[in-house]
Amino acid sequence: GQILPLGHWVLAEAIRQAGSWQRQMGMKLNLAVNISPRQILQPDFVQQVKQLLIIHELMPGSLELEITESIFLDVEAEGRTIETLKQLRSLGVRLSIDDFGTGFSALGYLKRFPVDILKIDRQFVRDIHTDQDAATLCQAIIWMARGMHMEVIAEGVELEEQLDMLAESGADVAQGYYIAKPQPAECLPQMFERYEDRKAI
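Treat the numbers as computed from the prediction; the structure is a model and nothing was measured.

Caption draft 1: Quick look at the pairing of strand 1 (residues 31–34). Only one face of strand 1 is covered, namely the one carrying L31 and V33; the face carrying A32 and N34 has none of its residues buried. In this structure, strand 1 lies alongside strand 2 (residues 63–67), joined through four bridges in parallel fashion. In the sheet register, V33 faces strand 2, and the bridge partner there is L65.

Have a look at this one:
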């Protein structure tokens, strides 16, 4: 029963930290935060997000909210969910589907719901350099997303070979241990400064 207060704390703390980094480094940093379907359905969720963006002075277009495919299973709440997602986008918030391909995966919802990004689950990325089926699935997801004007993020990249194949296939962004491992907040500004092309962060 703690998902709502915990989820709010995570979102608030993440936005606070990202706003602090942006002011410290004078550059835009994209921030992705996982949220639960229960948060989305809270009547004041959009207002919560709006207030946090203002309070912590996050640059427009910096926040990305990650949702899972389970959010599309509640048919009765579909209208409310769509309206909430539209209102979030009007704030400049980008929306992504996390772990795409492992859950509901009915392609019809991609047409009905306003989503900007698909995140390919690590179970497909893991074997992309050794398994032709995995490589084909990743390529198909990327082509489909491109056709629907969505970006693609590949999760769980741990090897250079995986990164190379994803780049050749047209993925926009990669994340995983090959890029960077989890680390304390105070270490990240130094990591950002090591990037020659800051737009890649």
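That shown, we press on.
Caption draft 2: Highlighting helix 7 (residues 132–147). An ideal rise of 1.5 Å per residue puts 22 Å on 16 residues; helix 7 measures up with 22 Å between its terminal C-alpha atoms. Within helix 7, the full set of buried residues consists of A134, A135, C138, Q139, I141, I142 and A145. Angularly, the buried residues of helix 7 cover 160 degrees about the axis, an arc narrow enough to put them on a single face. The exposed set on the far side of helix 7, more than 90 degrees from its buried face, consists of Q132, D133, W143 and G147. Buried-residue contacts for helix 7 involve strand 3 (94–100), strand 4 (117–120), helix 6 (122–125), strand 5 (151–154) and helix 8 (160–169). The residue sitting at the N-terminus of helix 7 and contributing the capping side-chain oxygen is D131; that oxygen lies 2.8 Å from the backbone nitrogen of D133.

Caption draft 3: Structural view of the environment of D98. With respect to the helices and strands, the residue D98 is situated in strand 3. It is 8.2 Å that separates the C-alpha atoms of D98 and N34, two residues lying 64 residues apart in sequence. Once you skip the residues sitting within four places of it in the chain, D98 turns out to touch N34, E66, I67, T68, K119 and E155.

Caption draft 4: Inspection of the pattern of salt bridges at higher detail. Within the structure shown, the criterion is met by nine salt bridges. Where E57 meets R23, a salt bridge forms, and the shortest distance between an N and an O atom there is 3.6 Å. Taken together, the residues E57 in the loop between helix 3 (45–55) and strand 2 and R23 in helix 1 (residues 3–25) connect sequence positions 34 residues apart. Residue E57 is classed as exposed on the basis of its relative accessible area, which comes to 52%. The exposure class assigned to R23 is partly exposed, which follows from its relative accessible area of 47%. Of the charged contacts in the structure, one is a salt bridge between E66 and K119, with a shortest N-O distance of 2.7 Å. Residue E66 is located in strand 2, and its partner K119 is located in strand 4; the two are separated by 53 residues in the primary sequence. It is possible to trace a salt-bridge network through shared partners that takes in E66, K119 and E155.

How each quantity is defined
- Residues numbered from 1 in each chain as written.
- Predicted model: local features only at pLDDT ≥ 70, side-chain atom pairs only at ≥ 80, totals over all residues.
- Heavy atoms only, no water.
- Buried < 20%, exposed > 50% of the residue type's maximum accessible area, 1.4 Å probe, protein only.
- Helix = DSSP H or I, 4+ residues; strand = E, 2+ residues; numbered from the N terminus.
- Pairing = 2+ DSSP bridges.
- Expected span 1.5 Å × (residues − 1).
- Arc of directions from axis to C-beta.
- Contact = heavy atoms within 4.5 Å.
- Polar contact = N/O pair within 3.5 Å; in protein donor to acceptor, adjacent residues only side chain to side chain.
- Salt bridge = Lys/Arg side-chain N within 4 Å of Asp/Glu carboxyl O.

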